[in-house]
Amino acid sequence: MTDECVKTTFSVILHIPEISDDNFSGLSRLFDSVINQGLDVQEIVILNSQKNILPEFDIKSSKITVINYDKKTLAGILNSCVEAIFSSHIVYIDNNHANIELKRSYLETIDIAVAKYANLGMLYADYDLIENGEKKETRLLKHHHGRLRDNQDYGRVFLFSKKALAGIGNFDESVKYNLMYDTRLKLSEKYEIVHISNKYSGSLYTVVAQGKKHNVFDYLLAGKDIQQEAEKILTDHLKRIGAYLKPNFNYHKRPDIGKNYDLIASIVIPVNNRPEFIESALTSVFNQTEKKIEVIIVVNGGLQDPTVKEVNKYLPGGIYFDESHPTVRLVVSDINNIGLSLNLGIKQAKGQYYIQLDSDDRLKPDAVEKTVSLFESDPEIGIVIGSYEVWQKKDNGEFIRMEEIPVVTHAEWTDDNGRNNLFHINGAGAPRCIPISIIKEMGYFGINDEPYARNYGEDYDLVMKISEKYKVGRIYDPIYEVVRHSGGTDHSIDQVTIDRNDEAKDYMRLLAIQRRIQLCNS
């Protein structure tokens, strides 16, 4: 019998969560939603890892199988299910930590998708999230080969083709923490990952869970074992698709070696309507132990921006001008574009190195000295990335160190694999310091010309490009202070902004994957 003649059938795998009154009613609703689908379910497999007594409601149907397990990994028990199930497709419902309910037309919808996509490996869909009694329609991003972050949301209900699972050797039983991440990447190498989106009232299922606010520092809470496993999963994926950069592969000497520069470093500060922060940022520059530096402030709010008036106080003739301080230079633009502002500063820079300083952050006194020392230690280093502390600026102007957040070192970085591992995390660290000659070689900072980029990730593609040709130097002592405040870009970010930012960086990852495949095959 040919594959075209095989009838599409569905089996469902779900969990018995830890039993409580709320979970009991949620589980009952999930069963009802599965049993009462518009299409028949061939078999329902219930996984019970909690050693709980099954709730007393009717499960006597021959379609339902209960499997108790405690020693097997999730991958192991799922593989046992896959081997025993005769359906062509499997719906896996991850209801371990949330109550889930399928829409009645869920199977009818995915049945059409299976018919439409002959090479379908996995299907995921938008869902409704009920948190604190309120419904929020959660819209997920479309899959593409740049979606390499391990924390990308693909929902909690997954359709798998049994044939596709067999094609990747089923679920990897060596994976303990990141099973869906590993499975998705492997399936994406051979099969289509299909997403069904929702405009309104078009979600395929509902999740009842406690809402969680976005926190840019969430990745710090992930255990080392989890991070290392995710790195291995990603690295193996890059090797299979031909985008893995081997240790010491394709490194070159910097083009600035042996050239003379007026200054050691140029610190560029792009700023828009933040006059209240300029004093602390500039003071951190004036306090640098390395004195052969300059600071270029690019105000991109036009001449009417109040920051211009504040910066003028530090220029010759201003009330705060001090000729013993590093030179302060002012550039004014009437286009609020961070990447453009950085490029305008770079074009006027007299230093050998560019040093990052956001207008609301501060440099430690030895930041430039340590950075330059690391560059001088190896002519193949094309970028130096530091570590930082997180500070809070209160409304009364007081700065307080946030002790609950450790020094952000990105300690998951290794010299051998850091530039590969960069794909699965959402940032490289700060501050970022780059020879100006390399910035020009790589085509400058992004100017919101990449898809979805809106004053976000302006140097992410640049960092990726540099890592493909030069070594990345790391400083693990804190040399920078990130200041959080109510007007900051990482404060109270809404989901639309989070998604747009993720779209931007994931597209840059996609471009990097394409470049690296070409580089490895050249």
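Bringing the pattern of salt bridges into the picture now. The final tally for this structure, using the stated rule, is 32 salt bridges. Between Lys136 and Glu131 there is a salt bridge; the shortest N-O distance is 3.5 Å. You can call Glu131 buried: its relative accessible area is 18%. Notably, a salt bridge pairs Lys370 with Asp366, separated by 3.2 Å at the nearest N-O pair. Given the relative accessible area of 23%, Asp366 is considered partly exposed. Within the structure, one salt-bridge network assembled from shared partners comprises Arg147, Arg149, Asp502, Glu503, Asp506 and Arg509.

A word on the packing of helix H5 (residues 179-190) against helix H6 (residues 224-241). Contact geometry for H5 and H6: axes closest at 10 Å, N-to-C directions at 5°. For the element pair H5 / H6, the angle class is roughly parallel. Each of Tyr181, Asp182, Leu185, Lys186, Ser188 and Glu189 in H5 lies in contact with H6, whose residues at this interface are Ala230, Ile233, Leu234, His237, Arg240 and Ile241. For the contact of H5 with H6, the residue count by class is six nonpolar, two polar and four charged.

This part covers helix H9 (residues 338-348). Those residues of H9 not exposed but buried are Gly339, Ser341, Leu342, Asn343, Gly345 and Ile346. Buried residues belonging to H9 abut strand S12 (263-271), strand S13 (293-299), strand S15 (351-356) and helix H12 (436-441). Its side-chain oxygen at 3.3 Å from the backbone nitrogen of Gly339, Asn337 defines the N-terminal cap of H9.

The next point concerns the sheet that holds strand S8 (residues 134-138). The four strands are arranged S5-S11-S7-S8 in an open sheet whose pairing can be described as mixed. Two strands in the sheet have a free side with no partner beyond their single neighbour: strand S5 (99-102) and S8. Strand-to-strand twist across the sheet, computed as the mean angle between neighbouring axes with direction ignored, equals 25°. Taken together, the four bridges between strand S7 (residues 127-131) and strand S11 (residues 205-208) define a ladder with parallel strand orientation. By the bridge assignment, Leu129 is partnered in S11 with Val207.

What follows covers helix H13 (residues 460-467). Judged by how many residues are buried, H13 sits mostly within the fold: seven of eight residues are covered. Every buried residue of H13 is listed here: Tyr460, Asp461, Leu462, Val463, Met464, Ile466 and Ser467. Those residues of H13 that are buried are in contact with strand S17 (381-393), helix H11 (418-421), strand S19 (432-435), H12, strand S20 (471-484) and helix H14 (495-521).

Another point: the packing of H13 against H14. Contact pair H13 / H14: the axes reach a minimum separation of 9 Å and the direction vectors enclose 20°. By the angle class used here, H13 and H14 are roughly parallel. At the point where H13 passes H14, the crossing takes the right-handed sense. Facing Tyr460, Asp461, Met464, Lys465 and Ser467 of H13, the residues of H14 in contact are Lys505, Met508, Arg509, Ala512, Arg515 and Arg516. Broken down by class, the residue content of the contact of H13 with H14 amounts to four nonpolar, one polar and six charged.

As a further point, take the side chain of Gln352. Residue placement: Gln352 occurs in strand S15. A distance of 2.9 Å separates polar atoms of two side chains, one belonging to Gln352 and the other to Asp256. Beyond its immediate stretch of four places on either side in the chain, Gln352 contacts Asp256, Tyr261, Leu263, Ile264, Ala265, Pro435 and Ile436.

Inspection of the entire model under this criterion finds nine aromatic pairs. Relative to Tyr154, the ring of Tyr124 lies with its centre 4.6 Å away and its plane at 55°, an arrangement referred to as tilted. Of this pair, Tyr124 sits in strand S6 (residues 120-125) while Tyr154 sits in the loop between S8 and strand S9 (157-161), placing them 30 residues apart in sequence. With a centroid separation of 4.4 Å and an interplanar angle of 15°, the aromatic rings of Tyr353 and Phe375 are classed as stacked. Taken together, the positions of Tyr353 in strand S15 and Phe375 in helix H10 (residues 367-377) put the pair 22 residues apart, joining distant regions of the chain. Here Tyr353 and Phe375 have matching classes, each one buried. Members of the aromatic cluster, joined through ring pairs, are Tyr92, Phe158, Phe160 and Phe171. Over the face of the ring belonging to Tyr244 we find Lys239, whose NZ or CZ atom lies 4.9 Å from the ring centre. A cation over a ring is seen here: Arg474 above Trp413, with NZ or CZ 5.1 Å from the ring centre.

The next thing to look at is the sheet that holds strand S4 (residues 89-93). The sheet built from seven strands is open, its strands ordered S3-S2-S1-S4-S9-S6-S10 with mixed pairing. Every other strand in the sheet has two partners, leaving strand S3 (64-68) and strand S10 (192-196) as the edge strands with one partner each. Averaged over all pairs of adjacent strands, the angle between strand axes in this sheet comes to 20°, irrespective of strand direction. In the sheet, strand S1 (residues 10-15) pairs with S4 via four bridges, with the strands oriented parallel. Residue Phe10 lies in a different strand from S4, and its bridge partner there is His89. Along the sheet face, helix H2 (residues 74-84) touches S1, strand S2 (43-48), S3 and S4 and points at about 155° away from the line of S2. Lying on the sheet, H5 is in contact with S4, S6, S9 and S10; it crosses S9 at an angle near 40°.

Below, the discussion takes up the pairing of S9. Burial of S9 is extensive: five of the five residues sit out of reach of the surface. Of the two faces of S9, the one lined by Val157, Leu159 and Ser161 and the one lined by Phe158 and Phe160 are each fully buried. Bridging between S4 and S9 involves five bridges; their strand directions are antiparallel. By the bridge assignment, Tyr92 is partnered in S9 with Phe158.

Moving on, we come to unusual backbone geometry. A cis amide bond links Ala430 with the next residue in sequence, Pro431, at an omega value of 0°. Residues other than glycine seldom take positive phi values, yet Tyr444 does so here, at roughly 70°. In this structure, Tyr444 sits in the loop between H12 and H13. Owing to a relative accessible area of 24%, Tyr444 belongs among the partly exposed residues under this scheme. In this model, Asn455 sits at a positive phi of 55°, which is unusual for a non-glycine residue. Inspection of the secondary structure puts Asn455 in the loop between H12 and H13. Its relative accessible area of 25% is what places Asn455 among the partly exposed residues.

Conventions and cut-offs
Residues numbered from 1 in each chain as written. Predicted model: local features only at pLDDT ≥ 70, side-chain atom pairs only at ≥ 80, totals over all residues. Heavy atoms only, no water. Salt bridge = Lys/Arg side-chain N within 4 Å of Asp/Glu carboxyl O. Buried < 20%, exposed > 50% of the residue type's maximum accessible area, 1.4 Å probe, protein only. Axes fitted to C-alpha atoms, helices over the stretch in contact; angles between N-to-C directions. Helix = DSSP H or I, 4+ residues; strand = E, 2+ residues; numbered from the N terminus. Parallel < 35°, antiparallel > 145°, perpendicular 65-115°, else oblique. Contact = heavy atoms within 4.5 Å. Nonpolar A, V, L, I, M, F, W, Y, C, P; charged D, E, K, R; others polar. Polar contact = N/O pair within 3.5 Å; in protein donor to acceptor, adjacent residues only side chain to side chain. Pairing = 2+ DSSP bridges. Left-handed = near helix turned anticlockwise from the far one by under 90°. Phe/Tyr/Trp six-rings, centres within 6.5 Å; stacked < 30°, edge-to-face > 60°. Lys NZ or Arg CZ within 6 Å of the ring centre and 35° of its normal.

Read these as geometric descriptors, not functional statements.
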